[in-house]
Amino acid sequence: MAAVMIDGRAVAAKWKEEIAGQTREMIERGVTPHLAVVLVGENAASQVYVRNKENACRKAGMGSTVIRLEEDCSQQALEEVVKGLNQDPAVHGILVQLPLPAHLDEAAVLRLIDPDKDVDGFHAMNSGRLMNGQKGFVPCTPLGVMKLLEAYDIPVRGKHAVVIGRSNIVGKPMAMLLLAADATVTVCHSRTQNLSEIVRQADIVVAAVGRAGFVTKDMIKPGAVVIDVGINRVDGAIVGDVDPEVAQKAGYLTPVPGGVGQMTIAMLLHNTLEAVRLHGW
Ligand code: GUN
């Protein structure tokens, strides 16, 4: 049996519609949710992501500002921009698009963002809250994955979830969220031995490796839920970390594009509204 293809576009569209309604209500009550995005340099993928974020804000009726800094901008100049946004009462959410050019200290910049405006959930305060099971901003991609699983009534409790990838943006927070949902979680990474064997034991696989077609059919237990977080460009096309043949064996599969990617932006808008609420609205 072929896998059920998880329609991230449809689930995200529902979220966006609801978010647009909540945004209208906030505007009626006198506050316009506003996201500020800081983009440093000319990274082509980042330019596309930031444009998509701006468009999503506009469609939801939210305000957005993109602050573009030159590739060679100084650490101090970048930090001044973040400090200004922290102080600006009209800005509810702040996002510094990653990766930053190599000469900049990413950790120092993320540390500077007001944790109550940290809609990416990358500040140590928010990752700590996630780790401790406290309320805080949760990184958008793994949060979107959890919402997709919920939307398809896919049970997580007691299941063996294998996360491939250990980044701060996806792998680590993903593992924490699955654990909080009572899954038994294994995290695999580039140094993992017998990776295929481990993945074959998974009821739920989350692939966040950044390598096209990394997860192949032979690694998948029949009927497993396979979530593809990868966004790889191959000969001009966008493909995931999961080989499309996996659809012949998995129970559920997220396509790329049209799967998780759509949810990331929906969750960014969701987090921005959460930031507005945190500020007393
Ligand atoms: N670069 C790749 N993904 C992300 C993300 O979710 N947030 C930010 N700020 N940068 C990214």
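Criteria and thresholds
Residues numbered from 1 in each chain as written. Predicted model: local features only at pLDDT ≥ 70, side-chain atom pairs only at ≥ 80, totals over all residues. Heavy atoms only, no water. Helix = DSSP H or I, 4+ residues; strand = E, 2+ residues; numbered from the N terminus. Rg over C-alpha atoms; globule rule 2.2 N^0.38 Å. Buried < 20%, exposed > 50% of the residue type's maximum accessible area, 1.4 Å probe, protein only. Contact = heavy atoms within 4.5 Å. Near = heavy atom within 4 Å. Polar contact = N/O pair within 3.5 Å; in protein donor to acceptor, adjacent residues only side chain to side chain. 1 Å grid on protein atoms, 1.4 Å probe; cavity = no way out; pocket = protein on both sides within 12 Å on 5 of 7 lines; lining within 4 Å. Sits in = over half its atoms within 2 Å of the grid points. Nonpolar A, V, L, I, M, F, W, Y, C, P; charged D, E, K, R; others polar. Pairing = 2+ DSSP bridges. Axes fitted to C-alpha atoms, helices over the stretch in contact; angles between N-to-C directions. Core = buried A, V, L, I, M, F, W, Y, C linked by side-chain atoms within 4.5 Å.

### Comments concerning the overall build of the chain
Regarding its fold elements, the chain presents 9 helices and 11 strands. At 19 Å, the chain has a C-alpha radius of gyration in line with the 19 Å of a compact globule built from 281 residues. Overall size of the chain, expressed as C-alpha extent along the three principal axes, is 50 × 40 × 40 Å. A total of 281 residues make up the chain; the buried ones form 48% of that total. Within the chain, residue pairs in contact and separated by at least 24 positions form 71% of the contacts whose partners lie at least 6 positions apart.

### Considerations on the site of the ligand
Neighbouring residues of the ligand: Lys53, Leu95, Val96, Gln97, Leu98, Asp120 and Phe122. At 2.8 Å, a backbone N or O of Leu98 approaches a nitrogen atom of the ligand. A distance of 2.5 Å is found between a nitrogen atom of the ligand and a side-chain nitrogen or oxygen belonging to Asp120. Here the ligand occupies the largest pocket. For the shell around the ligand, the class distribution of residues is 4 nonpolar, 1 polar and 2 charged.

### A look at the sheet that holds strand β4 (residues 93-96)
A sheet is described by the order of its strands in space; here 3 strands give the open sequence β3-β2-β4, paired in parallel fashion. The two strands at the open ends of the sheet, each matched to only one other strand, are β3 (63-69) and β4. Neighbour-to-neighbour, the strand axes of the sheet open up by a mean angle of 15°, direction not taken into account. The pairing of strand β2 (residues 34-40) with β4 spans 4 bridges and is parallel. By the bridge assignment, Val38 is partnered in β4 with Val96.

### Section: the nonpolar core
Residues Leu149, Leu178, Val206, Ile227 and Val229 are the most contacted members of the largest nonpolar core, which totals 51 residues. The element best represented in this core is helix α9 (residues 260-278), accounting for 10 residues. Beyond its immediate stretch of four places on either side in the chain, Leu149 contacts Ile154, Val156, Leu178, Val225 and Ile227.

### Observations regarding the sheet that holds strand β1 (residues 4-5)
Sheet architecture is open: 6 strands sit in the order β1-β11-β8-β7-β5-β6, paired in parallel fashion. Each edge of the open sheet carries a strand with a single partner, namely β1 and β6 (184-188). With 5 bridges joining them, strand β5 (residues 160-164) and β6 adopt parallel strand pairing. The partner of Val163 across the bridge, within β6, is Val187.

### Considerations on the side chain of Thr272
Mapped onto the fold, Thr272 is located in helix α9. Those residues in contact with Thr272, other than ones at most four positions away along the chain, are His34, Leu35, Met62, His92 and Val119.

Read these as spatial facts, not as claims about activity.
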